[in-house]
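Per-entry structural report
Each chain, written out:
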Amino acid sequence: MGQTQQSTVINASIEKVWAAIRDFHDLRWAPNVITGVEVEGDRAGDQVGAIRILNGAFRETLRELDDEGRTFAYSIDEGPSPISSDEVRDYVGRVRVRPADEGGTLVEWSSSWLDNDEAAYAFSHPIYVALLADMKESLEQ
């Protein structure tokens, strides 16, 4: 199984961070990475089953949203090579928000998938690093 994990500490309250990222359809906090979000279907961004298409290339479905635990999980149902549905199976991402030991908010982002491990990692990991950097920059303002 392939996987990637990364995290960042954001100098902002946990309430502010969670409020900004919990809506699956709202990625305004990532303006340098996400250039377009197309909502598919009629589910709101806080409803399990919500579907989005990011940058015209990644079709993702919200699988879980837990406000109390401040976590959500999603699947990537289709994406460009090397994470297309022909190359990987069961791609699941998870974001968790919790208080950081040193103050602020710790955001942990992990993903796992089956097949095409090395290529999918090399493709995915830098995207998540960039997303977390954008999140940090946006939410610390």
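It should be noted that the structure appears before, not after, this text.
Residues numbered from 1 in each chain as written. Predicted model: local features only at pLDDT ≥ 70, side-chain atom pairs only at ≥ 80, totals over all residues. Heavy atoms only, no water.

**Some words on the sheet that holds strand β7 (residues 105–114)**
- In space, the seven strands of this open sheet follow the order β1-β7-β6-β5-β4-β3-β2, with antiparallel pairing throughout. In the strand order of this sheet, the two ends are held by β1 (2–10) and β2 (37–40), each with one partner. Here the strands of the sheet are splayed against their neighbours by 25° on average, with no regard to which way each runs.
- For strand β5 (residues 71–78) and strand β6 (residues 89–99), the ladder comprises five bridges, and the chain directions are antiparallel. Within β6, the residue paired with Ser75 across the bridge is Val92. (Pairing = 2+ DSSP bridges. Helix = DSSP H or I, 4+ residues; strand = E, 2+ residues; numbered from the N terminus. Axes fitted to C-alpha atoms, helices over the stretch in contact; angles between N-to-C directions.)

**Details of the pattern of salt bridges**
- Taken as a whole and assessed by the stated rule, the structure comprises 12 salt bridges.
- Across the pair Arg28 and Asp26 runs a salt bridge whose closest N-O atoms are separated by 2.7 Å.
- Among the residues examined, Arg28 registers a relative accessible area of 69% and is labelled exposed.
- Residue Arg94 is joined to Glu64 by a salt bridge in which the shortest nitrogen-to-oxygen separation is 2.8 Å. (Salt bridge = Lys/Arg side-chain N within 4 Å of Asp/Glu carboxyl O. Buried < 20%, exposed > 50% of the residue type's maximum accessible area, 1.4 Å probe, protein only.)

**Let's talk about the environment of Gly41**
- Mapping Gly41 onto the fold places it in the loop between β2 and β3 (51–54).
- Take Gly41: its relative accessible area is 63%, and that puts it in the exposed class.
- When the C-alpha positions of Gly41 and Arg52 are compared, they lie 8.6 Å apart, and in sequence the two are 11 residues distant.

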